[in-house]
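# Breakdown of the fold
Chain residues, written in single-letter form:
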Amino acid sequence: MSDNIQTVTVLSKTTWTPNLFSFTVSRPDSFKFTAGQFVRLGVNPSQLKYYKQQRAAGNAAANEEQKEKLNEDIFRAYSIVSSPFDEVLEFFSIVIPDGAFTSQLQHLEVGDELLLNTMPFGFLTLARYQKPLPKDLWLLATGTGLAPFLSMLQDLQTWEDYEHIILAYSARSIEELAYIDKIESLQEDFGSLVDNPAKLIFIPIVTREPVEGALTERLPKLLLDGTLLQERAGIALDIDSTHVMLCGNPDMVEDTKEALKTLGLVMNRRGEGNIAVENYW
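Residues numbered from 1 in each chain as written. Predicted model: local features only at pLDDT ≥ 70, side-chain atom pairs only at ≥ 80, totals over all residues. Heavy atoms only, no water.

### Describing the environment of M152
Spelled out, the test is: Counting from the N terminus, the helices are DSSP H or I runs at least four residues long and the strands are E runs at least two residues long. For each residue, the accessible area found with a 1.4 Å probe, counting protein chains only, is set against the maximum for its type, and the residue is called buried under 20%, exposed over 50%, and partly exposed in between. Whether two residues touch is decided by their heavy atoms; if any such pair falls within 4.5 Å, the residues are in contact.
Examined against the element boundaries, M152 turns out to sit in helix α4 (residues 147-152). Residue classification places M152 among the buried residues on the basis of a relative accessible area of 0%. Sequence separation between M152 and T125 is 27 residues, and the spatial gap between their C-alpha atoms is 8.1 Å. If near-sequence neighbours (up to four positions away) are discounted, M152 is found in contact with A35, G36, L124, T125, L126, L139, T158 and M245.

See the structure below:
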């Protein structure tokens, strides 16, 4: 096993819908990351309590066949939900029925062990922005792409650096809008801890059913027709003052990126520019 791989223990699990769940794990003392980064998590399905219980209840031949089939370490990338300063690590996951990783990870129970590669990855971090200087931060997410933005919003530096933070979070149904209570408490829990904090503007979007207080169109359309800007945020996109981050399914990221470019914003390269993206699916 690599020196970067450490064993972590599942401390809690929250099921949002049959296909969405969150979980926390213990945090190695030496592990550090920047808000917005991701890590590689590993699971050996044969070691999960769920499969151990199945083997205990089944016949020996079937048990050995199942154990051999499932006895391998599978790794996938996961953005971190928790603050860089939290004592535990939190992750937000979708269940892909035929996925080699998430179809196993859905069986997690408290006390199960996972593998953590302690080398963080990714450049969806606020430090990438050198120009323009920070003023308005737009965080545009679909589904589990919310994860890195929650981490940023639990970092006091974010609240100190910006005047306005607009979090637009899109899901198919109201049930899939996870972490709403947490989002609604961020201003008080974190903004209140700094002088002159940013104002957080939360814009929920539900695309497949009408929900009071939520917008219903996809992010690219909301940007292009001005609804997201004019009716809710009250903040204009400005090439000289706007930072925009996108994280979610690849179609959303690509279409929204193109919409933003149509509106005059530019990709962030070598520290300069407005738009930073992460495909997360």
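### So, the pattern of salt bridges
So the rule is basically this: A pair is scored as a salt bridge if a Lys or Arg side-chain nitrogen falls within 4 Å of a carboxyl oxygen belonging to Asp or Glu.
Scanning the model with the defined rule gives 5 salt bridges in all. For the salt bridge of K221 with D225, the shortest nitrogen-to-oxygen distance reads 3.3 Å. In this structure K221 comes out as partly exposed when scored by relative accessible area, which is 42%. E258 serves as the salt-bridge partner of K261, at 3.3 Å between the closest nitrogen and oxygen. A residue pair is termed a helical-turn pair when its members lie 3 or 4 positions apart in one helix, as K261 and E258 do in helix α9 (residues 250-262) at 3 residues.

### With respect to unusual backbone geometry
For the bond running from K131 to P132, omega is -5 degrees, close enough to zero to count as cis. Among the structural elements, P132 can be located in the loop between β6 (113-121) and β7 (136-142). Here Y179, not a glycine, exhibits a phi torsion of approximately 65 degrees, which is positive. Its place among the elements puts Y179 in the loop between β8 (164-171) and α6 (180-189). A relative accessible area of 5% places Y179 in the buried class.

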